[in-house]
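One-letter residues, chain by chain:
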Amino acid sequence: MSIVVILQIIVLLGAIFIGVRLGGIGIGYAGGAGVLVLGLLLGMKPGNIPWDVILIIASVISAISAMQLAGGLDYLVQIAERILRNNPKHINYLAPIVTYVLTIFAGTGHTAFSMIPVIVEVAKEQHIRPVCPLSIAVVASQIAITASPVSAAVIYMSGVLEPFGWSYPTLLCIWLLTTFVGCMLTSFVMSHIQNMDLDSDPVYKERLAKGLVKAPDASSMNKALKPFAKRSVAIFLIGVLAVVFYASAISPAVGLIKHVVVGRDAAIMSLMLLVGCLITVLCKIELGKVADTSVFKSGMVACICVLGVAWLGDTFVSGHSAEIKTFAAATVAQYPALLAVVFFVAAMFLYSQAATAKAITPAIVAALGITAANPGDSYMLVACFAAVSALFVLPTYPTLLGAVQMDDTGTTRIGKWVFNHAFFLPGVLAIVFSVALGFLVTKFF
């Protein structure tokens, strides 16, 4: 390995490290700075900017923001809270189900923010350590991205795999089944190995003695909804179903639409913008306030993060595509599960499921010689896709930090050694279960 390559790796990891330390949009800023250093000082040609991923995220977020402004998210949270409060003893299973479904529906894991306070309150009422349901719920909201029909990651990966004979409906069914069951198996394991008793937690007892723990509050269940909250949810749901139907119809394996004029990416973007337009007109929202919603702000931050860090990742991967292809051809083909490890490690640093898939997948496809005429090894990509959700490894992701901050009992903690935090074990388990199930299920297809 030459000095130049070592310096390139140092710049790559250094930019990511600085971005993680800055947090939030700083990850995108640092990624862009890394591209500049690699290009001007180390002779690497800037890679491709993932415009398709960024624009899909932006269009979906714009529609969700309109729904939030109309009160639709409040309505969904009320439904979810009612489910949790009606079955509080099963919160370790229901909490991840709720965040999983919200992410499937919305295409972003940031919807988990709205459920974190509810999970904490219900857990306290049952004297259950909130860390138990919270850790699994946050992880479920991340892994569900790889099964959401409107997520940029799924749209990208299905587009890659369809020429190899995998239909969009088949992929969606596989990823929904494997990730959901993987999350539920994780809930089962964690429920049996964790200390569930809140009253025995020393940090909780200390905070309780100091008066730092608030009494449970169920007032949000009776919060008045905006007049068109339900209508906005119905419009958004119809939009999601339209995306699924159209993407399935143009899938070569389904072939309902033979002559495709509007591609999948263009369709999802235009449909989501149409949803935003319909919510604006039919739910009478004030357009000037859309940009003030929490979903819009977090979504635009995500766009900049993907721009910077995915561009940085593609720059490095493209510059060393020959070496990566050689390594992949020699190892991944012999040990298919290693692809999951590659996805996992890349996601740790790239901080985006879509960005990880876009940076790694083309090199793997080329290395393994996967083509329409020889699609044999494409099953590896299908089975390992859930591993791009390893955003929980470094405890700096917004929903992780939100869970730590909103749990006033102090049971959801980040350890002194960075990786020994509450989300690491459930996250690893969920991905291992999902990938293992992926290899098992893909055998039938």
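Bear in mind that the values here come from a model prediction, so they are computed numbers and not experimental data.

### Some points on the overall build of the protein
The helix and strand tally for the protein stands at 19 helices and zero strands. Taking 2.2 N^0.38 as the reference for a compact globule, 445 residues should give roughly 22 Å; the C-alpha atoms of the protein span a radius of gyration of 22 Å, in line with that estimate. Considering only C-alpha atoms, the protein reaches an extent of 60 × 50 × 45 Å along its principal axes. The 445 residues of the protein split such that 55% are buried. Residue pairs at least 24 apart in sequence account for 82% of intrachain contacts in the protein once pairs closer than 6 positions are excluded. Within the structure as shown, the protein displays about 18,700 Å² of accessible surface, and the carbon and sulfur contribution to it stands at 70%. Once the 25 positive and 19 negative side-chain charges of the protein are each reduced to a mean point, those two points are 2 Å apart.

### A few points about helix H6 (residues 116-125)
Given 3.6 residues per helical turn, the α-helix brings residues three or four places apart onto the same face. Burial analysis of H6 places eight of its ten residues in the buried class, the great majority of the element. When H6 is considered as a whole, its buried residues turn out to be Ile-116, Val-118, Ile-119, Val-120, Glu-121, Val-122, Ala-123 and Lys-124. Tucked inside the fold, the buried residues of H6 contact helix H4 (72-86), helix H5 (91-106), helix H7 (131-143) and helix H18 (398-406). Once H6 finishes, His-127 follows within two positions and takes phi at roughly 60 degrees, a positive value.

### What about the domain arrangement of the protein?
Segmenting the protein into domains produces domain 1 (1-46) and domain 2 (47-442). Taken over C-alpha atoms, the centre of domain 1 sits 26 Å from the centre of domain 2. On the domain 2 side, the residues contacting the 21 residues of domain 1 number 17 residues. Between domain 1 and domain 2 lies a buried interface of about 1,700 Å² when both sides are counted; carbon and sulfur atoms form 86% of it. Area buried by domain 1 at its contact with domain 2 is led by Ile-16, Val-20 and Ile-27, which between them contribute 28% of it. Linking domain 1 with domain 2 are zero salt bridges.

### Describing the packing of aromatic side chains
As enumerated under the stated definition, the model contains five aromatic pairs in all. Ring centres of Trp-175 and Phe-385 lie 4.5 Å apart, and the angle between their planes is 50 degrees; on these two criteria the pair is classed as tilted. On the criterion of sequence distance, the pair formed by Trp-175 in helix H9 (residues 168-193) and Phe-385 in the loop between helix H17 (378-384) and H18 is long-range, its members being 210 residues apart. The exposure class of Trp-175 is buried, given its relative accessible area of 2%.

### Some remarks on the pattern of salt bridges
Considering all chains together, one arrives at ten salt bridges under this definition. Measuring nitrogen to oxygen at the nearest pair gives 2.6 Å for the salt bridge that ties Arg-85 to Glu-125. With Arg-85 in helix H4 and Glu-125 in helix H6, this pair connects stretches of sequence that are 40 residues apart. Given a relative accessible area of 33%, Glu-125 falls into the partly exposed group. Linking Lys-289 and Glu-286 is a salt bridge whose minimum nitrogen-to-oxygen distance equals 3.4 Å. Assessed through its relative accessible area of 41%, Lys-289 is described here as partly exposed. Salt bridges sharing partners connect three or more residues here, namely Glu-81, Arg-85 and Glu-125.

### Topic: the layout of surface pockets
If a probe as big as a water molecule is rolled over the atoms, it shows which places are left empty. There is about 690 Å³ of room inside the largest pocket. Taken together, 25 residues form the lining of the largest pocket, with Phe-316, Val-317, Ile-324, Val-342 and Ile-360 sitting closest to its centre. Elements supplying a minimum of two residues to the lining of the largest pocket: helix H1 (3-22), helix H13 (294-319), helix H14 (321-331), helix H15 (338-350) and helix H16 (353-368). For the lining of the largest pocket, the element with the highest residue contribution is H15, accounting for six residues. Split by domain, the residues of the lining of the largest pocket number at least three in each of domain 1 (1-46) and domain 2 (47-442).

### Remarks on the packing of helix H3 (residues 51-69) against helix H8 (residues 152-161)
The geometry of H3 relative to H8 is characterised by a closest axis approach of 9 Å and an angle of 140 degrees between their N-to-C directions. Regarding the angle of H3 to H8, the classification is oblique. The hand of the H3/H8 crossing is right-handed. The segment H3 lies against H8, with Asp-52, Val-53, Ile-56 and Ile-57 engaging Ala-152, Ile-155 and Tyr-156. Residue classes in the contact of H3 with H8 are distributed as six nonpolar, no polar and one charged.

### Re the side chain of Thr-146
Looking at the element boundaries, Thr-146 is found in the loop between H7 and H8. Given the relative accessible area of 1%, Thr-146 is considered buried. Looking at Thr-146, its side chain comes within polar contact range of the main-chain oxygen of Ile-143, at 2.6 Å. Beyond its immediate chain neighbours, meaning those up to four positions away, Thr-146 contacts Val-154, Trp-175, Thr-179, Gln-353, Phe-385, Ala-386, Val-388 and Ser-389.

Conventions and cut-offs
Residues numbered from 1 in each chain as written. Predicted model: local features only at pLDDT ≥ 70, side-chain atom pairs only at ≥ 80, totals over all residues. Heavy atoms only, no water. Helix = DSSP H or I, 4+ residues; strand = E, 2+ residues; numbered from the N terminus. Rg over C-alpha atoms; globule rule 2.2 N^0.38 Å. Buried < 20%, exposed > 50% of the residue type's maximum accessible area, 1.4 Å probe, protein only. Contact = heavy atoms within 4.5 Å. Areas by Shrake-Rupley, 256 points an atom, 1.4 Å probe, with all protein chains shown as cover. Lys, Arg positive; Asp, Glu negative; His and termini not counted. Charge placed at Lys NZ, Arg CZ, Asp CG, Glu CD. Domains from an automatic or database assignment. Buried area = accessible area lost by both parts, 1.4 Å probe. Salt bridge = Lys/Arg side-chain N within 4 Å of Asp/Glu carboxyl O. Phe/Tyr/Trp six-rings, centres within 6.5 Å; stacked < 30°, edge-to-face > 60°. 1 Å grid on protein atoms, 1.4 Å probe; cavity = no way out; pocket = protein on both sides within 12 Å on 5 of 7 lines; lining within 4 Å. Points joined across faces, edges and corners; volume = space filled by probe spheres on them. Axes fitted to C-alpha atoms, helices over the stretch in contact; angles between N-to-C directions. Parallel < 35°, antiparallel > 145°, perpendicular 65-115°, else oblique. Left-handed = near helix turned anticlockwise from the far one by under 90°. Nonpolar A, V, L, I, M, F, W, Y, C, P; charged D, E, K, R; others polar. Polar contact = N/O pair within 3.5 Å; in protein donor to acceptor, adjacent residues only side chain to side chain.

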